Amino acid sequence: MRDVIREICGDHDVKIMKGHVSKDRMHLLVSIPPQVTISRLVHWLKGKTAHKVMMEYPHIKKHYWGQHMWARGYSCCSTGNVIDEIIAQYIAHQTDDRDDDFKVDG
């Protein structure tokens, strides 16, 4: 997944400043050129990574047949009021640990 993301970003002159990929989400701090819109970048990332994963793992393709592999939405923030180092630090400290005491019923 990381290699595909690097390839996509490299193809479109998007600089990855920091990133974290886990089993159910990814965080990226990127610098994008003016001609690349955020929505287009997300479209490329979700589409090409999903295609690659489904080609390499046929059981996943069968599981997600007719559905979306990635969630439809995404969150994006500019770093205008926050220095890039703080965002990079946040991304670097992401973990895959879950709080087992947190449950949602209903």
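All of these numbers come straight from a predicted model, not from anything done at the bench. Within each chain, residues carry numbers counting from 1 in the order of the written sequence. Totals for whole chains, interfaces and linings use all residues, but because this is a predicted model, local features are given only for residues with pLDDT of at least 70 and pairs of side-chain atoms are given and counted only at 80 or more. Think of the side-chain values as coming from all heavy atoms in the structure, minus any hydrogens and water.

**Thoughts on the pairing of strand S2 (residues 26–31)**
Only strands joined by at least two bridges in the DSSP assignment are considered to pair. Helix numbers and strand numbers start at the N terminus; a helix is a DSSP run of H or I with at least 4 residues, a strand a run of E with at least 2. Note that strand S1 (residues 15–21) and S2 share six bridges and pair antiparallel. Counted as the bridge partner of His-20 is His-27 from S2.

**What to know about the packing of helix H1 (residues 2–11) against helix H2 (residues 38–56)**
All axes are obtained by fitting lines to C-alpha atoms, using only the stretch in contact for helices, and the reported angles, taken between N-to-C directions, cover 0 to 180 degrees. With their axes 10 Å apart at the nearest point, H1 and H2 run at an angle of 140° to one another. Considered as vectors, H1 and H2 are oriented oblique to each other. Handedness of the H1/H2 crossing: right-handed. Contacts between H1 and H2 involve Val-4, Ile-5, Ile-8 and Cys-9 on the former and, on the latter, Leu-41, Trp-44, Leu-45, Lys-48, Thr-49 and Lys-52. Residue composition of the contact of H1 with H2, by class: seven nonpolar, one polar and two charged. Should an angle lie under 35 degrees it is considered roughly parallel, over 145 roughly antiparallel, and from 65 to 115 roughly perpendicular; all remaining angles are considered oblique. Each crossing gets its handedness from the near helix: less than a right angle anticlockwise from the far helix is left-handed, clockwise is right-handed. Any pair of residues with heavy atoms lying within 4.5 Å of one another is described as a contacting pair. Residue classes follow a fixed rule: Ala, Val, Leu, Ile, Met, Phe, Trp, Tyr, Cys and Pro count as nonpolar, while Asp, Glu, Lys and Arg count as charged, and any other residue, Gly among them, counts as polar.

**A few points about the side chain of His-27**
Its place among the elements puts His-27 in strand S2. Exposure is judged per residue with a 1.4 Å probe applied to protein chains only, and the accessible area is read against the type maximum: over 50% gives exposed, under 20% gives buried, and values in between give partly exposed. Given the relative accessible area of 18%, His-27 is considered buried. Among residues more than four places away in sequence, those in contact with His-27 are Lys-18, Gly-19, His-20, Tyr-90, Ile-91 and Gln-94.

That's the geometry; what it means functionally is another story.
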